[in-house]
Structure formats: structure tokens, C-alpha cells
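An overview of the molecular structure
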Amino acid sequence: MSANKWFVRPQPRPSAALRLICLPYAGGSAATYVPWAAQLPADVELIAVQPPGRASRIGERPHAEMNALVADLAAVFHEVSDKPYVLFGHSLGSRVAFEFTRQCPGFGLPQPRLLIGSGSRAPHFPSVRESVHDLPEAAFVDKLRELNGTPEEVLNNRELIQFLIPLLRADFKIADVYRATPAPLPCPLVVLAGTEDWEVTREAVEGWRELSEHGCDIHWIPGGHFFVEHNRALVLEKVNAAVARVAQAVRFERVVA
């Protein structure tokens with residue numbers, strides 16, 4: 001398996017002190033995070049994860065089960081875990097980030113210095129909506145339109161949407177079925193939540209506080225479920241503040257080592 005398929009580096013920074021490794025939401029791709037690279041601190045390198053079934057990997061079978069996705073990512077993760085790193089995920093990507101972090105020791109991998117969860121209920125909380133992945137095609141497309149994460153021009157292009165449905169069903173199956181074991185992680189958490197995200201209740205956002213041994217900061221971002229796209233400037237402001245603190249700690253460790 002080629003690790004290069006998994007990791008997109010928009011602006012390689014070989015001397016970076018820290019990596020920010022970003023996981024996509026259901027149906028999303030590395031493209032969401034590519035514009036972030038130029039706006040991160042100078043000593044932070046962006047790595048955008050590209051799972052199978054999307055963009056440059058459109059011809060590959062997407063994962064439909066959390067443990068299989070985590071195991072395949074772990075198998076290539078050594079390429080990017082040679083430096084301290086922060087994990088970021090939006091929506092389903094947040095829960096993938098949590099499960100990956102939880103399983104890192106079993107794969108012999110270092111855990112992240114920080115996990116940033118965005119637009120997601122705490123992974124051990126149930127979804128407030130009914131299962132989506134197994135709906136008939138017309139109802140499935142209607143639900144995608146309601147969720148407002150798929151461009152209307154894609155939804156209205158029958159040939160294109162039918163091409164994408166296997167990926168979308170696979171991602172939503174993970175989102176529908178996965179429920180985490182509520183074990184606190186050995187790293188701090190930062191959580192971003194949309195003020196108008198009706199999919200994620202305030203209680204489910206607060207539930208993230210149960211999942212860290214080192215504290216959890218929650219920031220409310222104006223917008224709906226896809227505030228990561230629609231309020232990018234404020235999201236990046238919060239992300240940059242968080243990763244800058246971690247990068248400073250990493251630099252200090254180097255000095256005293």
C-alpha cells in the first residue's frame with residue numbers, strides 16, 4: 001500500500017516542528033484543507049488525509065467500517081508520525097480521529113499532542129438523526145440535500161451523484177453505526193461547534209469533556225454543520241491558536257533536551 005495515496009502535502013515544510021493532520025467529513029476529501037496550508041504558522045506543516053473512494057482515489061473501494069479504516073490508515077501512518085502532530089477532523093472525521101488516537105498504542109504509533117474535533121457530537125453519544133446510509137436512492141439524495149453538505153449541482157447531476165453514492169453510503173454507514181467506547185485520551189482536546197448545527201446538541205458537544213485526561217476547550221463558531229467551509233477564517237483562527245501552543249511546547253522540549 002502506498003502511503004503517498006493517503007497523504008496530501010500542499011506546502012511541504014521539511015523543517016516544521018509540528019504537523020497538522022486533517023481528516024475529512026463524510027463524503028469529503030483532502031481538498032477541504034488544502035487552502036489552509038498557506039495560513040498556518042510557519043513551523044507547522046499541513047497533511048490532509050485522502051481515504052480511498054474520493055478524488056485521486058475515486059476508483060478504490062471506500063471503507064464502510066471504522067476499524068478497517070483506522071487499521072489501513074495506521075498501516076501507512078509511520079510516514080507522517082516521525083514528528084509531533086495534531087489531529088483535526090470535522091464531523092465524521094472527528095470521530096475517526098478519536099478512534100485512531102484510541103488505537104494508536106496497539107499499532108505502536110505515537111499519539112497526537114492534541115486532538116481538535118469539529119462539528120461533531122462526542123463519539124460515545126448517539127446520533128440525533130435516523131440512519132441514512134441504507135435509505136432508498138431517492139430518499140438518500142433528499143437527505144443529502146437536507147444536510148446541505150453536497151453541492152446542488154452535484155445532487156442535480158444524476159450520472160455524477162450515482163457515481164458518488166457508493167462513497168457516500170460507505171461514509172454514512174460508519175457515521176450511523178460507529179459508537180465509541182468512552183475512554184479518556186492522554187492528550188488535550190479542542191472542540192469547535194456550530195451555533196446553528198441542529199445535528200449536534202449542546203449536551204453532545206459537552207460530552208467531549210469526558211474524553212480527555214488533560215482538559216477540553218470548546219469554542220462555538222457561528223454557522224450550521226458545515227461552518228468549517230462557510231466560516232473558514234474563524235475556524236483557522238481557533239486552529240492556529242491551538243497548534244501554535246503545541247508548536248511552542250515542542251520547540252521548548254527541543255531546547256531542554
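What comes next concerns the included structure. (Residues numbered from 1 in each chain as written. Predicted model: local features only at pLDDT ≥ 70, side-chain atom pairs only at ≥ 80, totals over all residues. Heavy atoms only, no water.)

One way to put it is that helix H2 (residues 66-76) packs onto helix H3 (residues 92-107) with a least axis distance of 10 Å and a crossing angle of 60°. Here H3 runs oblique to H2, going by the angle between their axes. Considering only the axes of H2 and H3, their crossing is right-handed. The segment H2 lies against H3, with Met66, Asn67, Leu69, Val70, Ala71, Leu73 and Ala74 engaging Arg95, Val96, Glu99, Phe100, Gln103 and Phe107. (Axes fitted to C-alpha atoms, helices over the stretch in contact; angles between N-to-C directions. Helix = DSSP H or I, 4+ residues; strand = E, 2+ residues; numbered from the N terminus. Parallel < 35°, antiparallel > 145°, perpendicular 65-115°, else oblique. Left-handed = near helix turned anticlockwise from the far one by under 90°. Contact = heavy atoms within 4.5 Å.)

With that out of the way, let us pick up the layout of surface pockets. Quantified by volume, the second largest pocket comes out at close to 260 Å³. Looking at the second largest pocket, it is lined by 14 residues, and the ones nearest its centre are Glu146, Leu147, Trp198, Glu199 and His225. For the lining of the second largest pocket, the element with the highest residue contribution is helix H4 (residues 137-147), accounting for three residues. (1 Å grid on protein atoms, 1.4 Å probe; cavity = no way out; pocket = protein on both sides within 12 Å on 5 of 7 lines; lining within 4 Å. Points joined across faces, edges and corners; volume = space filled by probe spheres on them.)

This part covers H2. Among all positions of H2, only Met66, Leu69, Val70, Leu73, Ala74 and Val76 are buried. Seen along its axis, H2 keeps its buried residues to an arc of 165°; they face one direction. The opening residue of H2, the one whose side-chain oxygen lies 3.1 Å from the backbone nitrogen of Asn67, is Glu65. (Buried < 20%, exposed > 50% of the residue type's maximum accessible area, 1.4 Å probe, protein only. Arc of directions from axis to C-beta. Polar contact = N/O pair within 3.5 Å; in protein donor to acceptor, adjacent residues only side chain to side chain.)

Another point: the nonpolar core. Core analysis: the biggest nonpolar cluster contains 52 residues, and Phe7, Ile21, Leu73, Phe77, Phe100, Leu115 and Trp208 have the highest contact counts within it. Discounting residues that sit within four places of it in the chain, Leu73 has contacts with Trp6, Phe7, Leu23, Val49 and Phe100. By size, the runner-up hydrophobic cluster in this structure holds 31 residues, among which are Tyr25, Leu114, Val228 and Val235. (Core = buried A, V, L, I, M, F, W, Y, C linked by side-chain atoms within 4.5 Å.)

Any two side chains of opposite charge can pair, so long as their charged atoms come close to each other. On inspection of all chains with the given rule, the structure shows 11 salt bridges. Of the charged contacts in the structure, one is a salt bridge between Glu45 and Arg19, with a shortest N-O distance of 2.9 Å. Pair noted here: Glu45 is in strand S3 (residues 44-49) and Arg19 is in strand S2 (residues 18-23), with a separation of 26 residues, a long-range link. Comparing Glu45 with Arg19 shows no difference in burial state: the two are buried. (Salt bridge = Lys/Arg side-chain N within 4 Å of Asp/Glu carboxyl O.)

With that out of the way, let us pick up a nonpolar patch on the surface. Together, Ile58, Leu160 and Phe163 line one region of the surface with nonpolar side chains, adding up to about 250 Å² of accessible area. Relative to the assigned elements, Leu160 resides in helix H6 (residues 158-177). (Patch = residues over 30% accessible without salt bridge, like charges linked within 9 Å, V, L, I, M, F, W, Y side chains within 5 Å. Areas by Shrake-Rupley, 256 points an atom, 1.4 Å probe, with all protein chains shown as cover.)

A separate point is unusual backbone geometry. In this model, Ala55 sits at a positive phi of 50°, which is unusual for a non-glycine residue. Examined against the element boundaries, Ala55 turns out to sit in the loop between S3 and H2. By relative accessible area, which is 48% here, Ala55 ends up partly exposed. Of note, Ser91 is a non-glycine position whose phi angle comes to about 55°, a positive value. We classify Ser91 as buried; its relative accessible area is 11%.

When you tally the buried positions in strand S5 (residues 114-118), you get five out of five residues, the bulk of the element. Alternating positions in S5 separate into two faces, Leu114, Ile116 and Ser118 on one and Leu115 and Gly117 on the other, with burial throughout. Bridging between strand S4 (residues 85-90) and S5 involves five bridges; their strand directions are parallel. Its bridge partner lying in S5, Leu87 is registered against Leu115. A crossover connection joins S4 to the parallel S5 through H3; in handedness this β-α-β unit is right-handed. As judged from the four bridges shared by S5 and strand S6 (residues 189-194), these two strands associate in the parallel manner. If you follow Leu115 over to S6, its bridge partner there is Leu189. (Pairing = 2+ DSSP bridges. Right-handed = clockwise from strand over helix to strand, strands pointing away.)

Turning next to empty space enclosed by the protein. A complete count under the given rule lists one cavity of 30 Å³ or more for this structure. Each pocket or cavity is described by its volume, and for the largest cavity that value is around 110 Å³. Surrounding the largest cavity, Leu23, Pro24, Tyr25, Pro51, Arg54, His63, Leu69, Leu92, Gly93, Val96, Asp171 and Ile174 form its lining. Considering each element in turn, the lining of the largest cavity owes the most residues, three residues, to H3.

These values are about where atoms sit, not about what they do.
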